[in-house]
Amino acid sequence: MKTVLTVLLAAATISSAHARPLPGGFVYLRDIDPSIIQDIRYATSNNFVGRPLAGYGAGECVVKREVGLRLKAVQEELAGQNLSLKMFDCYRPARASLDMVKWSQNGHETAAERRYNPKIPKTELFRLGYIASRSQHSTGAALDLTLVDLKADNSAKYDPSKPYADCTAPVAARVPEGSVDMGTGYDCTDTKAHTAVTSITPEQRAWRKRLVAAMARQGFVNYSKEWWHFSLPGAGGAAYDFPIQPRRN
């Protein structure tokens with residue numbers, strides 16, 4: 001693995017002149033590999049809170065440099081299969097995690113919010129571990145992502161005016177994500193989102209296994225209750241709270 005990283009470090013050309021300075025060894029993933037698709041959902045209204053979260057001033061994936069280089073290696077492997085990674089969340093400012101906790105305790109719940117947690121009241125999300133006041137994302141070593149089939153029609157876009165079904169519904173009925181069908185939508189707080197669950201189709205299980213295997217070959221570990229969540233052991237450290245700002249062009 002060290003040999004792979006050494007080769008990547010030598011081969012990767014990071015254009016720091018175009019990026020805002022970031023603390024603690026963080027980089028914009030776009031400067032490591034611009035081919036990796038980004039859909040940073042917490043910088044938009046297309047998420048379980050229904051608005052951009054605190055600290056998300058731009059829809060940019062920010063990661064520790066080592067994490068970015070390993071993602072680049074995953075992407076290079078997938079490219080030969082007409083697949084791509086798609087990032088939903090990367091570094092998360094600590095203030096965003098606190099924003100999630102406050103949201104879970106605000107005393108009301110909309111139909112749009114229920115799409116993400118169809119069986120669990122939002123007041124229970126913190127107690128059950130779906131929301132945490134301190135997230136590994138804030139260390140730059142955790143990621144939320146999926147796979148995109150580059151040969152498929154990925155043109156469907158989220159329309160906030162549409163009454164989509166909840167995140168456990170068939171893919172045609174739930175919020176479009178422009179990615180392969182993993183059996184649930186992103187950020188789905190349901191047992192159906194557990195990575196190894198058997199109550200999904202063989203094809204959906206195959207996609208999950210394919211993603212986990214590709215990430216594991218670069219040292220990433222999946223969180224068993226969320227098929228989309230991966231972390232790189234040893235790459236984290238202290239939690240940060242700097243806001244995500246637009247990358248300079």
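Residues numbered from 1 in each chain as written. Predicted model: local features only at pLDDT ≥ 70, side-chain atom pairs only at ≥ 80, totals over all residues. Heavy atoms only, no water.

Just to check I follow, could you spell out the confidence of the model for the chain for this structure?
Here the chain shows a mean pLDDT of 91. Residues at 70 or above account for 92%. In the model, residues 1-17 has pLDDT below 50 throughout and makes 18 contacts with residues more than four positions away in sequence or in other chains. (pLDDT = per-residue confidence, 0-100. Contact = heavy atoms within 4.5 Å.)

Can you help me understand the sheet that holds strand S2 (residues 37-38) in this one?
Pairing between sheet strands relies on hydrogen bonds along the backbone, with the strands arranged either parallel or antiparallel. Taken in spatial order, the 5 strands make up an open sheet running S2-S4-S5-S7-S6, and their pairing is mixed. Unpaired on one side and paired on the other, S2 and strand S6 (221-223) mark the two borders of the sheet. Note: strand S5 (residues 142-149) against strand S7 (residues 226-231), 3 bridges, orientation antiparallel. By the bridge assignment for S7, Ala142 is matched with Ser231. Set on the sheet, helix H6 (residues 202-216) makes contact with strand S4 (83-89), S5, S6 and S7; between it and S5 the angle comes to about 125°. (Pairing = 2+ DSSP bridges. Helix = DSSP H or I, 4+ residues; strand = E, 2+ residues; numbered from the N terminus. Axes fitted to C-alpha atoms, helices over the stretch in contact; angles between N-to-C directions.)

I'm lost on the state of the cysteines in this one. Help?
Two cysteines form a disulfide when their sulfur atoms are joined by a covalent bond. Within this structure, the stated rule accounts for 2 disulfides. Disulfide partner of Cys61: Cys90, at an S-S distance of 2.0 Å. Taking the sign of the S-S torsion, about -100° here, the bridge from Cys61 to Cys90 comes out left-handed. Residue Cys61 is located in the loop between S2 and strand S3 (62-64), and its partner Cys90 is located in the loop between S4 and helix H4 (94-104); the two are separated by 29 residues in the primary sequence. Judged by its relative accessible area of 1%, Cys90 falls in the buried class. In this model Cys167 forms its disulfide with Cys188; the gap between the sulfur atoms is 2.0 Å. On the S-S bond that ties Cys167 to Cys188, the torsion sits near 65°, and the link is right-handed. Within this pair, whereas Cys167 is found in the loop between S5 and H6, its partner Cys188 is found in the loop between S5 and H6, the two being separated by 21 residues in sequence. Taken as a pair, Cys167 and Cys188 share a single burial class, namely buried. (Disulfide = S-S within 2.5 Å. Buried < 20%, exposed > 50% of the residue type's maximum accessible area, 1.4 Å probe, protein only.)

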